[in-house]
Amino acid sequence: MKVTEHLGGRKETLFSFEILPPLRGKGIEAIFEGIDPLMEFEPPFINVTYHREEYIYKQRDKGLLEKISTRKRPGTVGICAAIINKYKIDAVPHLICGGFTAEETESALIDLHFLGIDNVLALRGDPIKSESTFVPEPNGHRFAVELIQQIEALNRGKYLHEESQNQQRTNFCIGAAGYPEKHYESMNLKTDLAFLKQKIDAGAEYITTQMFYDNDSFFSFVERCRKIGIKVPIIPGLKPITSLKHIAFLPKTFHIDLPDALSDALMRCKSDAEVREVGVAWCIEQSKELKQAGVPCLHYYTMGRSTAVRDVAKAVF
Ligand code: FAD
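Described in the following lines is the structure provided in the data block.

As a further point, take the state of the cysteines. Within this structure, the stated rule accounts for 0 disulfides. Of the cysteine sulfurs around Cys-269, a residue in no disulfide, the closest is that of Cys-283, at 15 Å.

Dropping the structure here:
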(Lines give C-alpha, C1' and ligand atoms only; values in the text may rest on other atoms or scores of the structure.)
Protein backbone atom coordinates (compact mmCIF):
# COMPACT_ATOMS: atom_id res chain seq x y z
CA MET A 1 0.00 0.00 0.00
CA LYS A 2 1.16 3.55 -0.67
CA VAL A 3 2.25 5.88 2.12
CA THR A 4 -0.40 8.36 0.98
CA GLU A 5 -3.11 5.66 1.30
CA HIS A 6 -1.99 4.99 4.87
CA LEU A 7 -2.07 8.70 5.64
CA GLY A 8 -5.44 9.21 3.97
CA GLY A 9 -7.08 6.27 5.71
CA ARG A 10 -5.84 7.06 9.20
CA LYS A 11 -8.14 7.74 12.15
CA GLU A 12 -5.40 9.38 14.16
CA THR A 13 -1.73 10.28 13.95
CA LEU A 14 0.33 7.32 12.70
CA PHE A 15 3.68 6.13 14.00
CA SER A 16 6.58 5.37 11.64
CA PHE A 17 10.32 5.24 11.82
CA GLU A 18 13.52 5.07 9.79
CA ILE A 19 16.26 2.48 10.08
CA LEU A 20 19.79 2.20 8.70
CA PRO A 21 21.10 -0.94 7.00
CA PRO A 22 23.72 -2.65 9.18
CA LEU A 23 27.42 -2.17 8.55
CA ARG A 24 28.84 -4.43 5.83
CA GLY A 25 29.44 -7.89 7.28
CA LYS A 26 26.81 -7.61 10.04
CA GLY A 27 23.67 -9.73 9.91
CA ILE A 28 20.04 -8.69 9.49
CA GLU A 29 19.14 -9.99 12.99
CA ALA A 30 20.17 -6.66 14.54
CA ILE A 31 17.68 -4.94 12.23
CA PHE A 32 14.86 -7.21 13.37
CA GLU A 33 15.90 -6.77 17.03
CA GLY A 34 15.54 -3.02 16.51
CA ILE A 35 12.18 -3.29 14.76
CA ASP A 36 10.53 -5.93 17.02
CA PRO A 37 10.07 -3.68 20.10
CA LEU A 38 8.49 -0.96 17.93
CA MET A 39 5.89 -3.20 16.27
CA GLU A 40 3.38 -2.81 19.11
CA PHE A 41 2.89 0.82 17.97
CA GLU A 42 1.68 -0.49 14.61
CA PRO A 43 3.85 1.32 12.10
CA PRO A 44 2.16 1.06 8.69
CA PHE A 45 5.53 1.57 7.00
CA ILE A 46 9.22 1.65 7.83
CA ASN A 47 11.79 3.73 5.95
CA VAL A 48 15.19 2.29 5.10
CA THR A 49 18.02 4.71 4.33
CA TYR A 50 20.41 4.43 1.39
CA HIS A 51 24.15 4.93 1.86
CA ARG A 52 26.39 5.68 -1.07
CA GLU A 53 29.98 4.66 -1.59
CA GLU A 54 32.89 6.19 0.24
CA TYR A 55 36.62 5.89 -0.21
CA ILE A 56 38.91 4.04 2.15
CA TYR A 57 42.68 3.75 1.88
CA LYS A 58 44.51 0.40 2.28
CA GLN A 59 48.21 0.18 3.11
CA ARG A 60 50.07 -1.63 0.33
CA ASP A 61 53.74 -2.60 -0.28
CA LYS A 62 56.45 0.07 -0.25
CA GLY A 63 54.32 2.49 1.76
CA LEU A 64 51.80 2.89 -1.04
CA LEU A 65 48.13 3.50 -0.32
CA GLU A 66 45.37 1.99 -2.43
CA LYS A 67 42.16 3.99 -2.77
CA ILE A 68 39.15 1.69 -2.60
CA SER A 69 35.51 2.57 -3.10
CA THR A 70 33.15 0.76 -0.75
CA ARG A 71 29.59 1.03 0.51
CA LYS A 72 29.73 0.56 4.25
CA ARG A 73 25.99 0.03 4.62
CA PRO A 74 24.64 -1.88 1.63
CA GLY A 75 21.35 -3.76 1.65
CA THR A 76 18.55 -1.14 1.47
CA VAL A 77 16.47 -3.06 -1.06
CA GLY A 78 17.05 -6.45 0.60
CA ILE A 79 16.02 -5.08 3.99
CA CYS A 80 12.85 -3.59 2.48
CA ALA A 81 11.94 -6.97 0.99
CA ALA A 82 12.70 -8.66 4.33
CA ILE A 83 10.48 -6.19 6.23
CA ILE A 84 7.56 -6.75 3.86
CA ASN A 85 8.02 -10.49 4.11
CA LYS A 86 8.45 -10.73 7.88
CA TYR A 87 6.14 -8.02 9.24
CA LYS A 88 3.60 -7.77 6.38
CA ILE A 89 3.82 -4.00 6.42
CA ASP A 90 5.16 -1.55 3.87
CA ALA A 91 8.77 -0.52 3.46
CA VAL A 92 9.96 2.77 2.00
CA PRO A 93 13.41 2.54 0.45
CA HIS A 94 15.34 5.77 0.11
CA LEU A 95 16.72 6.29 -3.36
CA ILE A 96 19.37 8.92 -4.03
CA CYS A 97 20.82 10.65 -7.10
CA GLY A 98 24.44 10.40 -5.89
CA GLY A 99 26.40 7.52 -7.42
CA PHE A 100 23.64 6.59 -9.88
CA THR A 101 23.39 7.19 -13.62
CA ALA A 102 19.82 7.57 -14.89
CA GLU A 103 20.18 4.08 -16.38
CA GLU A 104 21.16 2.58 -13.00
CA THR A 105 18.29 4.42 -11.36
CA GLU A 106 15.87 2.89 -13.85
CA SER A 107 17.25 -0.59 -13.16
CA ALA A 108 16.95 -0.03 -9.39
CA LEU A 109 13.33 1.09 -9.82
CA ILE A 110 12.57 -2.00 -11.93
CA ASP A 111 13.96 -4.18 -9.11
CA LEU A 112 11.76 -2.40 -6.55
CA HIS A 113 8.73 -2.75 -8.81
CA PHE A 114 9.30 -6.49 -9.25
CA LEU A 115 9.59 -6.87 -5.48
CA GLY A 116 6.16 -5.27 -5.04
CA ILE A 117 7.60 -2.17 -3.36
CA ASP A 118 5.48 0.80 -4.35
CA ASN A 119 6.96 3.55 -2.20
CA VAL A 120 10.19 5.50 -2.66
CA LEU A 121 11.62 8.49 -0.80
CA ALA A 122 13.47 10.36 -3.56
CA LEU A 123 16.55 12.30 -2.45
CA ARG A 124 19.61 13.91 -3.88
CA GLY A 125 22.06 12.59 -1.27
CA ASP A 126 25.00 14.48 0.22
CA PRO A 127 28.43 14.97 -1.36
CA ILE A 128 30.83 12.11 -0.63
CA LYS A 129 33.40 12.92 2.06
CA SER A 130 36.19 13.70 -0.42
CA GLU A 131 34.04 16.28 -2.28
CA SER A 132 32.98 19.67 -1.00
CA THR A 133 29.95 19.97 -3.26
CA PHE A 134 27.57 17.42 -4.68
CA VAL A 135 28.80 15.97 -7.98
CA PRO A 136 26.33 13.89 -9.99
CA GLU A 137 27.39 10.91 -12.06
CA PRO A 138 27.76 11.59 -15.79
CA ASN A 139 24.18 11.21 -17.01
CA GLY A 140 22.99 11.17 -13.39
CA HIS A 141 20.68 13.59 -11.60
CA ARG A 142 21.82 16.88 -10.07
CA PHE A 143 18.75 17.46 -7.91
CA ALA A 144 16.06 15.32 -6.35
CA VAL A 145 13.48 16.91 -8.65
CA GLU A 146 15.13 15.20 -11.63
CA LEU A 147 14.95 11.84 -9.88
CA ILE A 148 11.28 12.48 -9.10
CA GLN A 149 10.67 13.30 -12.78
CA GLN A 150 12.25 10.00 -13.78
CA ILE A 151 10.13 7.98 -11.33
CA GLU A 152 7.00 9.79 -12.38
CA ALA A 153 7.80 9.09 -16.04
CA LEU A 154 8.20 5.39 -15.24
CA ASN A 155 4.80 5.51 -13.54
CA ARG A 156 3.48 6.58 -16.96
CA GLY A 157 5.30 3.74 -18.73
CA LYS A 158 8.00 6.08 -20.04
CA TYR A 159 11.37 4.36 -19.88
CA LEU A 160 14.71 5.90 -20.85
CA HIS A 161 15.06 4.39 -24.27
CA GLU A 162 12.75 4.65 -27.24
CA GLU A 163 12.46 0.89 -27.75
CA SER A 164 11.08 0.37 -24.25
CA GLN A 165 8.43 3.10 -24.31
CA ASN A 166 4.81 2.37 -23.35
CA GLN A 167 5.78 -0.71 -21.39
CA GLN A 168 4.50 -1.72 -18.00
CA ARG A 169 3.81 1.24 -15.75
CA THR A 170 5.26 1.30 -12.28
CA ASN A 171 3.11 2.52 -9.43
CA PHE A 172 5.43 4.34 -7.06
CA CYS A 173 4.22 6.72 -4.40
CA ILE A 174 7.02 9.28 -4.26
CA GLY A 175 8.08 11.11 -1.11
CA ALA A 176 10.43 14.10 -0.94
CA ALA A 177 12.56 15.66 1.80
CA GLY A 178 11.72 19.03 3.38
CA TYR A 179 13.74 21.18 5.78
CA PRO A 180 11.88 23.28 8.37
CA GLU A 181 15.12 25.18 9.08
CA LYS A 182 16.05 25.21 5.33
CA HIS A 183 18.53 22.99 3.53
CA TYR A 184 22.08 24.04 4.36
CA GLU A 185 23.00 24.91 0.77
CA SER A 186 20.01 27.17 0.24
CA MET A 187 20.23 30.96 0.23
CA ASN A 188 17.18 31.11 2.45
CA LEU A 189 13.98 29.29 3.29
CA LYS A 190 12.08 31.09 0.53
CA THR A 191 14.27 29.68 -2.26
CA ASP A 192 14.41 26.27 -0.60
CA LEU A 193 10.60 26.19 -0.48
CA ALA A 194 10.40 27.18 -4.15
CA PHE A 195 12.55 24.14 -5.00
CA LEU A 196 10.46 21.98 -2.68
CA LYS A 197 7.38 23.11 -4.62
CA GLN A 198 9.12 22.01 -7.83
CA LYS A 199 9.50 18.53 -6.35
CA ILE A 200 5.79 18.40 -5.55
CA ASP A 201 4.82 19.71 -8.98
CA ALA A 202 7.06 17.02 -10.50
CA GLY A 203 5.10 14.27 -8.74
CA ALA A 204 6.13 13.95 -5.08
CA GLU A 205 3.02 13.13 -3.08
CA TYR A 206 4.16 13.82 0.47
CA ILE A 207 7.04 15.39 2.37
CA THR A 208 9.06 13.95 5.24
CA THR A 209 11.03 16.55 7.12
CA GLN A 210 14.50 16.73 8.48
CA MET A 211 14.61 16.41 12.27
CA PHE A 212 13.91 19.59 14.25
CA TYR A 213 13.66 20.41 17.95
CA ASP A 214 11.46 23.48 17.89
CA ASN A 215 7.88 22.72 16.88
CA ASP A 216 7.35 26.37 15.97
CA SER A 217 9.82 25.97 13.10
CA PHE A 218 7.74 23.03 11.83
CA PHE A 219 4.42 24.86 12.17
CA SER A 220 5.79 27.90 10.38
CA PHE A 221 7.30 25.66 7.66
CA VAL A 222 3.91 24.01 7.06
CA GLU A 223 2.22 27.41 6.95
CA ARG A 224 4.70 28.71 4.37
CA CYS A 225 4.34 25.52 2.30
CA ARG A 226 0.56 25.96 2.24
CA LYS A 227 0.90 29.63 1.28
CA ILE A 228 2.89 28.75 -1.87
CA GLY A 229 0.44 26.01 -2.86
CA ILE A 230 2.10 22.88 -1.44
CA LYS A 231 -0.92 20.85 -0.43
CA VAL A 232 0.53 17.38 0.14
CA PRO A 233 0.81 15.76 3.61
CA ILE A 234 3.86 16.87 5.60
CA ILE A 235 5.31 14.30 8.01
CA PRO A 236 7.49 15.70 10.81
CA GLY A 237 10.76 13.87 11.49
CA LEU A 238 11.93 13.58 15.11
CA LYS A 239 15.01 12.23 16.82
CA PRO A 240 15.43 11.84 20.58
CA ILE A 241 18.87 13.04 21.72
CA THR A 242 20.43 10.29 23.80
CA SER A 243 24.14 10.91 24.31
CA LEU A 244 26.71 13.61 24.99
CA LYS A 245 28.10 12.87 21.52
CA HIS A 246 24.75 13.75 19.92
CA ILE A 247 24.91 17.29 21.31
CA ALA A 248 27.67 18.26 18.88
CA PHE A 249 27.02 15.64 16.21
CA LEU A 250 23.36 16.31 15.38
CA PRO A 251 23.56 20.09 14.77
CA LYS A 252 26.80 19.70 12.80
CA THR A 253 25.64 16.80 10.66
CA PHE A 254 22.04 17.82 10.03
CA HIS A 255 22.44 21.62 10.10
CA ILE A 256 19.81 22.15 12.75
CA ASP A 257 19.40 24.44 15.74
CA LEU A 258 18.50 23.44 19.26
CA PRO A 259 16.19 25.84 21.10
CA ASP A 260 17.61 27.64 24.16
CA ALA A 261 15.54 25.71 26.69
CA LEU A 262 16.82 22.41 25.31
CA SER A 263 20.47 23.49 25.03
CA ASP A 264 20.33 24.92 28.60
CA ALA A 265 19.06 21.59 29.93
CA LEU A 266 21.66 19.64 27.92
CA MET A 267 24.49 21.87 29.15
CA ARG A 268 23.71 20.74 32.70
CA CYS A 269 24.07 17.03 31.80
CA LYS A 270 27.21 15.19 32.93
CA SER A 271 26.54 11.73 31.47
CA ASP A 272 24.83 9.97 28.56
CA ALA A 273 22.13 8.81 30.96
CA GLU A 274 21.31 12.41 31.93
CA VAL A 275 21.28 13.50 28.29
CA ARG A 276 18.99 10.62 27.42
CA GLU A 277 16.54 11.63 30.13
CA VAL A 278 16.41 15.22 28.85
CA GLY A 279 16.32 14.17 25.18
CA VAL A 280 13.54 11.62 25.56
CA ALA A 281 11.43 13.99 27.68
CA TRP A 282 11.86 16.75 25.07
CA CYS A 283 10.91 14.40 22.23
CA ILE A 284 7.82 13.24 24.13
CA GLU A 285 6.66 16.84 24.61
CA GLN A 286 7.36 17.65 20.95
CA SER A 287 5.48 14.55 19.81
CA LYS A 288 2.46 15.24 22.02
CA GLU A 289 2.15 18.79 20.75
CA LEU A 290 2.47 17.72 17.11
CA LYS A 291 -0.06 14.93 17.62
CA GLN A 292 -2.42 17.39 19.26
CA ALA A 293 -2.00 19.64 16.20
CA GLY A 294 -3.18 16.74 14.02
CA VAL A 295 -0.04 15.88 12.04
CA PRO A 296 -0.68 12.83 9.81
CA CYS A 297 2.22 10.78 11.15
CA LEU A 298 5.12 11.09 13.57
CA HIS A 299 8.28 9.77 11.94
CA TYR A 300 11.25 8.89 14.15
CA TYR A 301 14.90 8.61 13.20
CA THR A 302 16.32 5.61 15.07
CA MET A 303 19.86 5.95 13.69
CA GLY A 304 20.31 2.28 14.51
CA ARG A 305 18.99 2.44 18.10
CA SER A 306 15.33 1.93 18.84
CA THR A 307 15.11 1.93 22.65
CA ALA A 308 14.73 5.71 23.03
CA VAL A 309 12.15 5.82 20.22
CA ARG A 310 10.30 3.07 22.05
CA ASP A 311 10.26 5.12 25.27
CA VAL A 312 8.87 8.09 23.35
CA ALA A 313 6.27 6.00 21.50
CA LYS A 314 5.11 4.39 24.77
CA ALA A 315 4.36 7.83 26.18
CA VAL A 316 2.71 9.19 23.02
CA PHE A 317 0.79 6.36 21.28
P1 FAD B 1 17.30 18.55 -3.32
O2 FAD B 1 15.84 18.66 -3.21
O3 FAD B 1 17.86 18.27 -4.66
O4 FAD B 1 17.92 19.92 -2.76
C5 FAD B 1 19.32 20.07 -2.56
C6 FAD B 1 19.68 21.54 -2.55
O7 FAD B 1 19.56 22.08 -3.86
C8 FAD B 1 18.75 22.42 -1.69
O9 FAD B 1 19.54 23.45 -1.13
C10 FAD B 1 17.73 22.96 -2.66
O11 FAD B 1 17.19 24.20 -2.23
C12 FAD B 1 18.57 23.10 -3.91
N13 FAD B 1 17.82 22.84 -5.15
C14 FAD B 1 16.85 21.91 -5.34
N15 FAD B 1 16.44 21.92 -6.62
C16 FAD B 1 17.17 22.87 -7.24
C17 FAD B 1 17.21 23.34 -8.59
N18 FAD B 1 16.40 22.85 -9.53
N19 FAD B 1 18.09 24.35 -8.90
C20 FAD B 1 18.93 24.87 -7.94
N21 FAD B 1 18.92 24.44 -6.65
C22 FAD B 1 18.05 23.46 -6.31
N23 FAD B 1 20.75 11.13 2.38
C24 FAD B 1 21.25 9.93 1.98
O25 FAD B 1 22.36 9.86 1.44
N26 FAD B 1 20.54 8.76 2.19
C27 FAD B 1 19.33 8.76 2.78
O28 FAD B 1 18.73 7.70 2.96
C29 FAD B 1 18.77 10.00 3.21
N30 FAD B 1 17.54 10.07 3.78
C31 FAD B 1 16.99 11.29 4.10
C32 FAD B 1 15.69 11.34 4.61
C33 FAD B 1 15.11 12.57 4.95
C34 FAD B 1 13.70 12.61 5.47
C35 FAD B 1 15.85 13.77 4.78
C36 FAD B 1 15.25 15.08 5.17
C37 FAD B 1 17.15 13.73 4.27
C38 FAD B 1 17.73 12.50 3.91
N39 FAD B 1 19.02 12.41 3.38
C40 FAD B 1 19.54 11.19 2.98
C41 FAD B 1 19.85 13.61 3.24
C42 FAD B 1 19.68 14.32 1.88
O43 FAD B 1 20.11 13.48 0.85
C44 FAD B 1 20.51 15.60 1.94
O45 FAD B 1 19.94 16.51 2.84
C46 FAD B 1 20.82 16.25 0.61
O47 FAD B 1 21.84 17.23 0.84
C48 FAD B 1 19.65 16.97 -0.03
O49 FAD B 1 18.72 16.08 -0.50
P50 FAD B 1 17.33 16.61 -1.13
O51 FAD B 1 16.64 15.42 -1.66
O52 FAD B 1 16.61 17.46 -0.16
O53 FAD B 1 17.92 17.48 -2.35
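On to the site of the ligand, then. For the ligand, the set of nearby residues contains 24 residues, the closest of which are Tyr-50, Asp-126, Tyr-179, Asp-192 and Lys-199. At a separation of 2.8 Å, an oxygen atom of the ligand approaches a polar side-chain atom of His-94. Residue Gly-125 places a main-chain N or O atom 2.9 Å away from an oxygen atom belonging to the ligand. Look at the ligand: alone it shows 980 Å² of surface, and the protein chains cover 87% of it. At the level of secondary structure, the elements contributing two or more residues to the shell around the ligand comprise strand S5 (90–96), strand S6 (119–123), helix H6 (189–202) and strand S8 (206–211). At 4 residues, the largest contribution of residues to the shell around the ligand is made by H6.

Bringing the side chain of Thr-242 into the picture now. Its location among the elements puts Thr-242 in the loop between strand S9 (234–238) and helix H8 (244–254). Beyond its immediate sequence surroundings of up to four residues, Thr-242 is in contact with Asp-272, Val-275, Arg-276 and Ala-308.

What counts as what
- Residues numbered from 1 in each chain as written.
- Predicted model: local features only at pLDDT ≥ 70, side-chain atom pairs only at ≥ 80, totals over all residues.
- Heavy atoms only, no water.
- Disulfide = S-S within 2.5 Å.
- Near = heavy atom within 4 Å.
- Polar contact = N/O pair within 3.5 Å; in protein donor to acceptor, adjacent residues only side chain to side chain.
- Areas by Shrake-Rupley, 256 points an atom, 1.4 Å probe, with all protein chains shown as cover.
- Helix = DSSP H or I, 4+ residues; strand = E, 2+ residues; numbered from the N terminus.
- Contact = heavy atoms within 4.5 Å.

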